[in-house]
Amino acid sequence: MLAVLGLCTAGHSNMSIPKVFISYSHDSLDHKKWVLDLATQLRSSGVDAVIDQWDLRPGDDLAFFMETQLSAADKVLMVCTEKYVEKANAGVGGVGYEKMIVTAGLLARIDSNKVIPLIRQVTGNKLPTFLQTKLYLDFSRQDQFEFSLDELIRTLHNAPLF
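This is a predicted model, so every value here is computed, not measured.

Caption draft 1: Representation of the overall build of the protein. Looking only at helices and strands, the protein has six helices and five strands in total. In the protein, the succession of helices and strands from N to C terminus is β-α-β-α-α-β-α-α-β-β-α. Here the analysis covers contacts within the protein between residues at least 6 apart in sequence; of these, 64% occur between residues at least 24 apart. For the protein, the accessible surface area stands at approximately 9,500 Å², while carbon and sulfur atoms represent 57% of it.

Caption draft 2: The packing of aromatic side chains, seen in detail. In the structure shown here, the tally under the stated rule is four aromatic pairs. With centroids separated by 6.0 Å and ring planes inclined at 80 degrees, the aromatic side chains of Trp 34 and Phe 145 adopt a geometry described as edge-to-face. Residue Trp 34 is located in helix H1 (residues 29–43), and its partner Phe 145 is located in helix H6 (residues 145–156); the two are separated by 111 residues in the primary sequence. Here a set of aromatic residues connected by ring pairs shows up, and it is made of Trp 34, Phe 139 and Phe 145.

Caption draft 3: Representation of helix H3 (residues 62–72) in the model. Buried residues of H3: Phe 65, Met 66, Gln 69 and Leu 70, and no others. Buried residues of H3, seen end-on, are gathered within an arc of 120 degrees and therefore sit on one face of the element. Residues of H3 that are exposed and point more than 90 degrees away from the buried face comprise Phe 64 and Ser 71. N-capping of H3 is provided by Asp 61, with a side-chain oxygen placed 3.0 Å from the backbone N of Phe 64.

Caption draft 4: Summary view of unusual backbone geometry. Unlike most non-glycine residues, Asn 158 shows phi in positive territory, near 55 degrees. Relative to the helices and strands, Asn 158 is located in the segment after H6. Asn 158 sits in the exposed class, given a relative accessible area of 68%.

Caption draft 5: Here's a closer look at the sheet that holds strand S2 (residues 48–50). In spatial order, the strands read S2-S1-S3-S4-S5; together these five strands make up an open sheet with parallel pairing. Sheet topology places S2 and strand S5 (137–138) at the edges, where each strand pairs with a single neighbour. Bridge count between strand S4 (residues 115–119) and S5: two bridges; the pairing is parallel. Bridging from a neighbouring strand, Ile 119 pairs with Asp 138 of S5.

Caption draft 6: Broad picture of the environment of Phe 65. Within the secondary structure, Phe 65 sits in helix H3. Taking the C-alpha atoms as reference, Phe 65 lies 8.4 Å from Asp 52; in sequence the two are 13 residues apart. With residues near it in sequence (within four places) discarded, Phe 65 still touches Phe 21, Val 50, Ile 51, Asp 52, Asp 55 and Leu 56.

Caption draft 7: Spotlight on the pairing of S4. The element S4 is largely enclosed, with a buried count of five among its five residues. What you see with S4 is no split at all: Val 115, Pro 117 and Ile 119 on one side and Ile 116 and Leu 118 on the other are buried throughout.

Caption draft 8: Representation of the confidence of the model for the protein. Residues with a pLDDT of 70 or more make up 82% of the protein, whose mean pLDDT is 81. Of the regions scoring below 50 in pLDDT, residues 1–13 engages in five contacts with residues more than four places distant in sequence or in other chains.

Caption draft 9: Region of interest: the side chain of Lys 75. Locating Lys 75 in the fold gives a position in strand S3 (residues 75–80). This buried residue, Lys 75, is left without a salt bridge; Asp 74 holds the nearest opposite charge, at 8.4 Å. Polar contacts involving the side chain of Lys 75 include one to the main-chain carbonyl oxygen of Asn 113, which spans 3.1 Å. For Lys 75, the contacting residues outside a window of four places in its chain are Lys 19, Val 20, Phe 21, Asn 113, Lys 114, Ile 116 and Leu 156.

Procedures and definitions
- Residues numbered from 1 in each chain as written.
- Predicted model: local features only at pLDDT ≥ 70, side-chain atom pairs only at ≥ 80, totals over all residues.
- Heavy atoms only, no water.
- Helix = DSSP H or I, 4+ residues; strand = E, 2+ residues; numbered from the N terminus.
- Contact = heavy atoms within 4.5 Å.
- Areas by Shrake-Rupley, 256 points an atom, 1.4 Å probe, with all protein chains shown as cover.
- Phe/Tyr/Trp six-rings, centres within 6.5 Å; stacked < 30°, edge-to-face > 60°.
- Buried < 20%, exposed > 50% of the residue type's maximum accessible area, 1.4 Å probe, protein only.
- Arc of directions from axis to C-beta.
- Polar contact = N/O pair within 3.5 Å; in protein donor to acceptor, adjacent residues only side chain to side chain.
- Pairing = 2+ DSSP bridges.
- pLDDT = per-residue confidence, 0-100.
- Lys, Arg positive; Asp, Glu negative; His and termini not counted.
- Salt bridge = Lys/Arg side-chain N within 4 Å of Asp/Glu carboxyl O.

Printed below as a string of structure tokens:
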């Protein structure tokens, strides 16, 4: 039936499902739920979103998970809260480890637009130092969430508004 409708995805890159890895810091239960909700909305919009909350179990190798997901993803969404920016700049925790991997990957391909920073901050729009030149999407205002989500989904599906 899909082939009849012209929706067969086999061998057609224009119909491929974009795979994204969401990098974030575990700031609070509220923030973890926000990330989970974002990933769920991306999945319902035809994006294969990967987050630790779904794919990591106690005893799993965190470093291996981050490395494989960062390289397998078409895009990496970095949710930049105040705490995330702090950890990235200091190079600590999982965020610091991901920054190290992403930085090495970005240096290999200077023109890379694989990383999309998502701002989710109360005070201003701060990016980690290594992402300062990147264009970001602003998710800091709840009343603008739907607009920002739409822009993100369009970007991931390579379907610009204009």
